[in-house]
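# Breakdown of the fold
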Amino acid sequence: MKNLILELPHRAPLEIIFERISKEIELNTGMDGLMIETNWGFNDLGIHGQYIAQAMGIDEDIFRFYAESLMKEQLPTIDIIPTQSLTPTLKAIALVSTPNCESYKPFSGNTERPSKDFFYNVTYEALTALIGIGCKDIGIAGLTGSLLFTEDPQYKNAVAEATSHIAHDFPTLEKIQIVSYGPDISFGINYFNAHKEEAGLHKKIVVKSKDWFGIKRIVLDIPRRF
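Residues numbered from 1 in each chain as written. Predicted model: local features only at pLDDT ≥ 70, side-chain atom pairs only at ≥ 80, totals over all residues. Heavy atoms only, no water.

Reading across the sheet, the nine strands line up as 1-2-7-6-3-5-4-9-8 and stay open at both edges, with mixed pairing between neighbours. Strands at the two margins of the open sheet, each flanked by one partner only, are strand 1 (4-6) and strand 8 (206-212). Going across the sheet, the axis of each strand differs from the next one's by a mean of 20 degrees, ignoring polarity. Of the pairings in the sheet, the one linking strand 2 (residues 14-19) to strand 7 (residues 175-179) comprises five bridges and is parallel in character. Each residue of the ladder has a partner; that of Glu15, found in strand 7, is Lys175. Here helix 5 (residues 116-132) sits on the sheet in contact with strand 3 (33-37), strand 4 (77-82), strand 5 (92-96), strand 6 (137-140), strand 7, strand 8 and strand 9 (215-221), set at roughly 150 degrees to strand 3. Across the sheet, helix 7 (residues 186-194) is in contact with strand 1 and strand 2; its angle to strand 1 comes to roughly 40 degrees. (Pairing = 2+ DSSP bridges. Helix = DSSP H or I, 4+ residues; strand = E, 2+ residues; numbered from the N terminus. Axes fitted to C-alpha atoms, helices over the stretch in contact; angles between N-to-C directions. Contact = heavy atoms within 4.5 Å.)

To continue, consider the packing of aromatic side chains. The full count for this structure, using the stated rule, is twelve aromatic pairs. Between Trp40 and Phe63, the ring centres sit 5.8 Å apart and the planes meet at 65 degrees, which makes this aromatic pair edge-to-face. Here Phe63 lies in helix 3 (residues 60-69) and Trp40 lies in the loop between strand 3 and helix 2 (44-56), a separation of 23 residues in the sequence. The exposure class of Trp40 is buried, given its relative accessible area of 14%. Between Phe118 and Phe119, the ring centres sit 5.6 Å apart and the planes meet at 90 degrees, which makes this aromatic pair edge-to-face. The buried category is assigned to Phe118, whose relative accessible area is 0%. Assessed through its relative accessible area of 2%, Phe119 is described here as buried. Each residue in the set Tyr104, Phe107, Phe118, Phe119, Phe149 and Tyr155 is aromatic and connected to the rest through ring pairs, giving one cluster. (Phe/Tyr/Trp six-rings, centres within 6.5 Å; stacked < 30°, edge-to-face > 60°. Buried < 20%, exposed > 50% of the residue type's maximum accessible area, 1.4 Å probe, protein only.)

A word on unusual backbone geometry. Positive phi values are uncommon outside glycine, yet Ser180 reaches one of about 55 degrees. Within the element layout of this structure, Ser180 appears in the loop between strand 7 and helix 7. A positive phi is found at Phe213, a non-glycine position, where the angle reads about 55 degrees. Looking at where Phe213 falls in the secondary structure, it is placed in the loop between strand 8 and strand 9. Residue Phe213 is classed as exposed on the basis of its relative accessible area, which comes to 77%.

What follows is about the side chain of Asp32. Mapped onto the elements, Asp32 comes out in the loop between helix 1 (24-27) and strand 3. Setting aside its immediate chain neighbours within four residues, Asp32 contacts Thr89, Leu90, Lys91, Ala92, Gly134, Cys135, Lys136, Asp137 and Ile138.

Structure follows, in structure tokens:
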């Protein structure tokens, strides 16, 4: 996959970097925020969980128990976790709900396709929260919780659409890095390069947040619109 530039009016071009090396999360020294799935398994959190636990300053088993406990939440949840300085720049990690979580059940319906509502809003709100604490170079790793949906265009385009609306709404964002098993959003980014007028059409949802032992917990009330 080629790296891309998203060019929208009234802001500097946004770099979209594709890094498919699984160790890139640990080796990357430029990323200041990371968005990753919450459940532990044969996925990116399973691969990088030990590193993320170290970044949090806690034991790996404790982190695994904590991450898996998020799967029981009844509404889609994002936890913004501040990190210790294992790399010069990493400020925080966003752990996000996935289709393996209880909160996804209302979105599963009678279809085997991923929910655009779910992935779009989780991505948009996680990126919003990371940008809100000053992140400008954000990595997006796997968000599906498993191999399910990873190659589905609806999943990839939902993340691309959220990224494009974020680029419009937050011109301070400088770079998105698709790391490890993160979604290939190239088709969607190319679409918004050709249809710039459609960027910035984000529809707000009800979002509640609270501080929880130093972690910012964000709970989403996502209506089913599409």
